[in-house]
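Survey of secondary and tertiary structure
Here are the chains, one letter per residue:
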Amino acid sequence: MASAQSLEIVRRGEEIYSQRLRAELEKTHWGYFVTIEPDSGDYYLGRRMEEATAAARRAHPEKLTYTGRVGFPTAFEIGFCP
């Protein structure tokens, strides 16, 4: 079960993405990963999740961040492949 702190990071990250970043990033960086530091609003992009999260960690080593995928409802999908 996710902690209240983690749920708040997700809520704030999704809010920043939908209100400030979605329109532009979906035009220019479809399919990239985006990591957002919610306190500052800083965001980092990468073709791979590791790129976006590493950039965020370098800039904000003590902060929790939110990661999503530009243009997708979730960063990853798990499912059955026949």
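The structure we're discussing is the one just above.
From a predicted model like this one, the values you see are computed outputs, not experimental measurements.

The rules we used
- Residues numbered from 1 in each chain as written.
- Predicted model: local features only at pLDDT ≥ 70, side-chain atom pairs only at ≥ 80, totals over all residues.
- Heavy atoms only, no water.
- Helix = DSSP H or I, 4+ residues; strand = E, 2+ residues; numbered from the N terminus.
- Contact = heavy atoms within 4.5 Å.
- Pairing = 2+ DSSP bridges.
- Axes fitted to C-alpha atoms, helices over the stretch in contact; angles between N-to-C directions.

As a further point, take the environment of Leu25. With respect to the helices, strands and loops of the structure, Leu25 is situated in helix α1 (residues 4–28). As for Leu25 and Thr74, which are separated by 49 residues in sequence, their C-alpha atoms are 15 Å apart. Once residues within four sequence positions are removed from consideration, Leu25 is found in contact with Tyr17, Trp30, Val34, Tyr43, Leu45 and Val70.

Reading across the sheet, the three strands line up as β2-β1-β3 and stay open at both edges, with antiparallel pairing between neighbours. Every interior strand has two partners, whereas the edge strands, β2 (43–46) and β3 (66–69), have only one. Ignoring strand direction, the axes of neighbouring strands in this sheet form an average angle of 20°. Bridge count for strand β1 (residues 33–36) against β3 is four bridges, and the pairing is antiparallel. Note on β3: the bridge partner recorded for Phe33 is Arg69. Against the sheet, α1 touches β1, β2 and β3, its axis set at about 125° to β1. Against the sheet, helix α2 (residues 49–59) makes contact with β1, β2 and β3, and its axis sits at roughly 150° relative to β2, the strand it touches most.

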